[in-house]
Amino acid sequence: QVELGTSWSLRLSGTYGESNTSIATRVFFNGAEAGLAVPQYENKLGAVEIGAEGRIFSLPGGEARIAIGGGFRSNKLRVDSRRFVGGVESPIDIFAETRNVAFGYGELSLPLVSPTNGISVVNKLHFVGALRFESHRGIDQITTPKVGMVYAPLAGLEFKASWGKSFKVPTLYQTGQTSNAQLVPGFIFSPAPAVSDPVLYLFGGNPNLSPERATTLTASLTIEPVAVDGLRLDLGYFRIRYRNRV
């Protein structure tokens, strides 16, 4: 991190990590080993980010500040899952999936009124806003906003509210896993089909999955009576509306 004068700072960060997991599951029948499953998972993560934060101008309640930045992130997953039965090897799930993500963001803080201003019925008034953009190669490009407010009519009574949009992309396992189809008897389902024909059961990964999206709304009330030292009462409400659930 580098300080740029008295009110701005510049930060550069990088991350790299990897993990390898191997599992052996043995199945025995009548005291003898009947099968062996050996899944292996390899994860890799690399990321670099640059950001700046600082003062842009003065407001009655304090300094208006902004934070901006962007970066790049890469995730890799390799799965090699095999089964051995009677000495015969057969693959269960073998795939490799990579996702590259470029992102940028901006955050703004606007303290309009603070307790030092001495304004009646407005002890504190503070607005915040944020905007984030992410481009997931092969998935989608997404921009999500968020706005929030803190309002205190007097000391010890504070209202907070925020509205925003969010998203969650499918995992590498959900998009990369091998797709499968099996014919299974219908009676195993509840409710069972009206006819006795077998059912085509589809499961596994889906490379065409799109991001799961949500609109969020939160509100809270905090009461800290000045006359009762140590007492704090919180009342909160939130609502999340999802679209395209994965």
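None of these values were measured; they are calculated from a predicted model.

Reading the values: the criteria
- Residues numbered from 1 in each chain as written.
- Predicted model: local features only at pLDDT ≥ 70, side-chain atom pairs only at ≥ 80, totals over all residues.
- Heavy atoms only, no water.
- Patch = residues over 30% accessible without salt bridge, like charges linked within 9 Å, V, L, I, M, F, W, Y side chains within 5 Å.
- Areas by Shrake-Rupley, 256 points an atom, 1.4 Å probe, with all protein chains shown as cover.
- Salt bridge = Lys/Arg side-chain N within 4 Å of Asp/Glu carboxyl O.
- Helix = DSSP H or I, 4+ residues; strand = E, 2+ residues; numbered from the N terminus.
- Buried < 20%, exposed > 50% of the residue type's maximum accessible area, 1.4 Å probe, protein only.
- 1 Å grid on protein atoms, 1.4 Å probe; cavity = no way out; pocket = protein on both sides within 12 Å on 5 of 7 lines; lining within 4 Å.
- Points joined across faces, edges and corners; volume = space filled by probe spheres on them.
- Phe/Tyr/Trp six-rings, centres within 6.5 Å; stacked < 30°, edge-to-face > 60°.
- Lys NZ or Arg CZ within 6 Å of the ring centre and 35° of its normal.

Draft legend 1. Representation of a nonpolar patch on the surface in the model. On the surface, a nonpolar cluster with roughly 600 Å² of combined accessible area is contributed by V2, L4, L10, L12, V48, I50 and F72. Looking at the nonpolar patch, the elements that each hand over two or more residues are strand 1 (2-4), strand 2 (8-22) and strand 4 (32-59). Position of L12 relative to the elements: it lies in strand 2. Judged by its relative accessible area of 61%, L12 is exposed.

Draft legend 2. Focus on the layout of surface pockets. In this structure, the largest pocket encloses a volume near 150 Å³. As for the largest pocket, its lining consists of A130, L131, R132, T144, P145, K146, G164, K165, S166, F167 and T216. At the level of secondary structure, the elements contributing two or more residues to the lining of the largest pocket comprise strand 7 (124-136), strand 8 (140-154) and strand 9 (157-168). Looking at the lining of the largest pocket, the element that brings in the most residues is strand 9, giving 4 residues.

Draft legend 3. View of the packing of aromatic side chains. Going through the model one piece at a time under the given rule, you end up with 4 aromatic pairs. On the basis of an interplanar angle of 55° and a centroid distance of 5.9 Å, the ring pair of F95 and Y173 is categorised as tilted. In this pair, F95 sits in strand 6 (residues 88-113) while Y173 sits in helix 1 (residues 172-176), placing the two residues 78 residues apart along the sequence. The class for Y173 is partly exposed, based on a relative accessible area of 34%. Joined through ring pairs, the aromatic side chains of F189, Y201 and F203 make up one cluster. Over the ring of Y242 we find R245; its NZ or CZ atom is 3.9 Å from the centre of that ring.

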